[in-house]
Amino acid sequence: MKLSSPAAQRNREPIAAVLADWLPASGLVLEVASGTGEHAAFFAGRFPRLEWQPSDPDPAAIASIEAWRADCGLPNLREPVVLDAAAGTWPVDTADVLLNINMVHISPWAAALGLLDGAARILPAGGGLILYGPWLVAGVETAPSNLAFDADLKRRDPAWGLRKVEDFAREAGARGLDLTDQRAMPANNRMLLFTRC
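Description of the structure in this document. Keep in mind that what you see is a predicted model, and the values were worked out from it rather than measured.

What follows concerns the overall build of the protein. When helices and strands are counted, the protein shows six helices and nine strands. Relative to the 2.2 N^0.38 estimate, which gives 16 Å for 197 residues, the radius of gyration of the protein is 16 Å and therefore close to what a compact globule would have. Along the first, second and third principal axes, the C-alpha set of the protein runs to 45 × 35 × 30 Å. In the protein, which comprises 197 residues, the share counted as buried stands at 48%. When the accessible surface of the protein is totalled, it reaches about 8,800 Å², and 55% of it is carbon and sulfur. Side chains of the protein carry 18 positive and 23 negative charges; the gap between the two charge centres is 3 Å.

Inspection of the secondary structure assignment puts H39 in helix α2 (residues 38-46). For H39, a relative accessible area of 9% puts it in the buried group. Beyond its immediate sequence surroundings of up to four residues, H39 is in contact with A8, N11, R12, I15, E31 and I101.

Moving on to the pairing of strand β2 (residues 50-56). By the criterion of burial, β2 is predominantly enclosed, with six of the seven residues buried. Looking at chain direction, β2 and strand β3 (residues 81-82) are connected through two bridges and run parallel. Residue D56 lies in a different strand from β3, and its bridge partner there is V82. Since β2 and β3 lie parallel, the crossover through helix α3 (residues 59-72) that links them has a hand, and here it is right-handed.

Here we come to the sheet that holds β3. Strand order across the open sheet formed by seven strands is β3-β2-β1-β4-β5-β9-β8, with mixed pairing between neighbours. Every other strand in the sheet has two partners, leaving β3 and β8 (177-185) as the edge strands with one partner each. As paired elements, strand β4 (residues 97-101) and strand β5 (residues 128-133) share five bridges and run parallel to each other. In the strand pairing of β5, N100 is matched with L131. Most of the contacts of helix α1 (residues 6-22) go to β8, to which it runs at about 140°, and overall it touches β2, β4, β5, β8 and β9 (189-196). Its contacts with the sheet put α2 on β1 (27-32), β2 and β4, and the angle it makes with β2 is roughly 175°.

Our focus in this paragraph is the pairing of β1. Counted residue by residue, β1 has five buried out of six residues, so it is predominantly covered. Relative to β2, β1 is paired through five bridges, and the arrangement is parallel. Directly across from L28, in β2, lies its bridge partner E51. Note that the unit made of β1, α2 and β2 has a crossover that is right-handed. Pairing between β1 and β4: four bridges, direction parallel. From the neighbouring strand, V32 faces β4, where its bridge partner is N100.

About the cut-offs
Residues numbered from 1 in each chain as written. Predicted model: local features only at pLDDT ≥ 70, side-chain atom pairs only at ≥ 80, totals over all residues. Heavy atoms only, no water. Helix = DSSP H or I, 4+ residues; strand = E, 2+ residues; numbered from the N terminus. Rg over C-alpha atoms; globule rule 2.2 N^0.38 Å. Buried < 20%, exposed > 50% of the residue type's maximum accessible area, 1.4 Å probe, protein only. Areas by Shrake-Rupley, 256 points an atom, 1.4 Å probe, with all protein chains shown as cover. Lys, Arg positive; Asp, Glu negative; His and termini not counted. Charge placed at Lys NZ, Arg CZ, Asp CG, Glu CD. Contact = heavy atoms within 4.5 Å. Pairing = 2+ DSSP bridges. Right-handed = clockwise from strand over helix to strand, strands pointing away. Axes fitted to C-alpha atoms, helices over the stretch in contact; angles between N-to-C directions.

See below:
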């Protein structure tokens, strides 16, 4: 069943504009936590020289991704694979870029660390880990809407919540991933680019 997210419809163009600066001309992009699959279908169409590998741990998401894939019929959009970011092994051994959209704040910190561990395992030197979502940044005033969102997330699950860029970057650095760029995005979101040393 094809699922749809209003947020994905709103943020896909701004994300694509940054991806145009950060993605390589060709290669394989592994999208971790693809959700509905709308982003995968849209970005595969926007960047036809890149192979796009969607993934998700949730069976309903996998079915939705496959429905979007069937609907768009793009040759560079691969079949989705079941992938849990926190797992010690992934079904994909190598990728040129790892993309993760709106996962880190709605999953336990162990999943964020698992994402970094996976990036360290599969990315080549110079490969990029790209993240999008709401973040807390030292020295930057947090929007009231993000503070309210953070409180709501923690009410829903104490293991969830907005993460500090600095905490994530410190853990990334310990795994050979350097924060090389970041961009402020609409609706108080942020994109981060980590590069494998």
